[in-house]
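# Coordinate inspection notes
Below, each chain spelled out in residue letters.
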Amino acid sequence: MNMELSRRTFLKTTGAGLAGTTLGAFGFSEAEAAVAADVKPFHLVNTTEARNTCTYCSVACGIIIYSKGDLRKGEKADIVHIEGDADHPTNRGTLCPKGAALRDIVKSPTRLTQPMIRKAGSNTFEAISWDAALDKIARAMKDDRDANFVATNSDGVTVNRWLTTGFLAASATTNETAFATYKVVRSTGILAFDNQARV
């Protein structure tokens, strides 16, 4: 279909269209209100950003945790979003499926938030305080070390070994923390020491 369009008709049509869109852009239309009503507000507004390390494997990816709630005002901080840290040299913002699901794990109703103990002869776990749990671990380690520490070998050479206990360190730490952990564990005489980053 051929249509005859003069220059004057073209200019009138485009001028009318331009005038209509200009009036709409300046707010003389209900379109803006309709669009604004349907636009979802940005969910990270008024959140606190904290950088951390993913708790899973030995890669130790960087994450950013966003929480709402001002601790200075006595409010409880609630984690609303977790994402990869684009500035982190390990992962550069990417996360594996487990790392991407960290928020769901933090919010999981089955997540343990306190130490649990199952007493001898019992078939159920019961919650105990962190102080009680650490005291129990320290007492068990001290008793085992006192009973099994090897100060000298058969030739009389000082060896200071503790061979009945092992230690597995976490990989999601800084180099400084890993070095301090190594020094503390070795100072007790433990030889069976490993790090999740190497496993």
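The text that follows walks through the structure, step by step, so that each part is easy to find. (Residues numbered from 1 in each chain as written. Predicted model: local features only at pLDDT ≥ 70, side-chain atom pairs only at ≥ 80, totals over all residues. Heavy atoms only, no water.)

### Some points on the packing of aromatic side chains
Under the criterion given, the structure shown has two aromatic pairs. Ring geometry for Phe-167 and Phe-193: centres 5.9 Å apart, planes at 25°, overall stacked. Placement of the pair is Phe-167 in strand 7 (residues 158-169) and Phe-193 in strand 8 (residues 190-195), with a sequence separation of 26 residues. The exposure class of Phe-167 is partly exposed, given its relative accessible area of 31%. (Phe/Tyr/Trp six-rings, centres within 6.5 Å; stacked < 30°, edge-to-face > 60°. Helix = DSSP H or I, 4+ residues; strand = E, 2+ residues; numbered from the N terminus. Buried < 20%, exposed > 50% of the residue type's maximum accessible area, 1.4 Å probe, protein only.)

### Things to note about the layout of surface pockets
One number sums up the size of the largest pocket: a volume of about 180 Å³. Among the secondary structure elements, those contributing two or more residues to the lining of the largest pocket are strand 1 (48-53), strand 2 (62-68), strand 3 (78-84) and helix 4 (102-106). Among the elements that line the lining of the largest pocket, the one with the most residues is helix 4, at three residues. Here the lining of the largest pocket is composed, by residue class, of eight nonpolar, three polar and one charged. (1 Å grid on protein atoms, 1.4 Å probe; cavity = no way out; pocket = protein on both sides within 12 Å on 5 of 7 lines; lining within 4 Å. Points joined across faces, edges and corners; volume = space filled by probe spheres on them. Nonpolar A, V, L, I, M, F, W, Y, C, P; charged D, E, K, R; others polar.)

### Looking at the sheet that holds strand 1
In a beta sheet, neighbouring strands are held together by backbone hydrogen bonds and run either parallel or antiparallel to one another. Spatially, the three strands line up as an open sheet ordered 1-2-3, and their pairing is antiparallel. Where the open sheet ends on each side, the last strands, each with one partner, are strand 1 and strand 3. Here the strands of the sheet are splayed against their neighbours by 30° on average, with no regard to which way each runs. Pairing analysis gives six bridges linking strand 2 to strand 3, with the strands arranged antiparallel. For Ile-63, the partnering residue across the bridge sits in strand 3 and is Gly-84. (Pairing = 2+ DSSP bridges. Axes fitted to C-alpha atoms, helices over the stretch in contact; angles between N-to-C directions.)

### Digging into the pattern of salt bridges
Summed over the entire model, instances satisfying the criterion amount to eight salt bridges. Among the salt bridges present, the one from Asp-78 reaches Lys-107, with a minimum N-O distance of 2.4 Å. Taken as a pair, Asp-78 in strand 3 and Lys-107 in the loop between helix 4 and strand 4 (116-117) lie far apart in primary sequence, 29 residues in all. Lys-119 is the salt-bridge partner of Glu-126, the closest N and O atoms lying 3.4 Å from each other. When salt bridges that share partners are traced, they join Glu-49, Arg-51, Asp-85 and Asp-87 into one network. (Salt bridge = Lys/Arg side-chain N within 4 Å of Asp/Glu carboxyl O.)

### Digging into helix 6 (residues 175-187)
A rise of 1.5 Å per residue sets the reference length of helix 6, with its 13 residues, at 18 Å; its end C-alpha atoms lie 18 Å apart and thus fit the reference within 8%. A positive phi of about 100° marks Gly-189, the residue just after helix 6. (Expected span 1.5 Å × (residues − 1).)

### A word on the nonpolar core
In this structure, Cys-54, Cys-61, Ile-63, Ile-65, Ile-82 and Leu-102 together form the largest nonpolar core, which totals six residues. With sequence-adjacent residues up to four places away left out, Ile-65 is seen in contact with Thr-48, Glu-49, Ala-50, Asn-52, Ile-79, His-81 and Ile-82. Judged by nonpolar contacts, the second largest core, of five residues, contains Ala-169, Val-185, Ile-190 and Phe-193. (Core = buried A, V, L, I, M, F, W, Y, C linked by side-chain atoms within 4.5 Å. Contact = heavy atoms within 4.5 Å.)

### Side note on the sheet that holds strand 7
The strand order across the open sheet built from three strands is 6-7-8, with neighbouring strands paired in mixed fashion. A single partner strand is all that each edge strand has here, and the edge strands are strand 6 (149-152) and strand 8. Adjacent strand axes in the sheet meet at a mean angle of 30°, parallel and antiparallel pairs treated alike. Bridge count between strand 6 and strand 7: three bridges; the pairing is antiparallel. Paired with Phe-149 across the two strands is Trp-162, which belongs to strand 7. Helix-sheet contacts for helix 5 (residues 130-148) involve strand 6 and strand 7, and the interaxial angle to strand 7 is about 150°. Running at roughly 160° to strand 8, helix 6 makes contact with strand 7 and strand 8 of the sheet.

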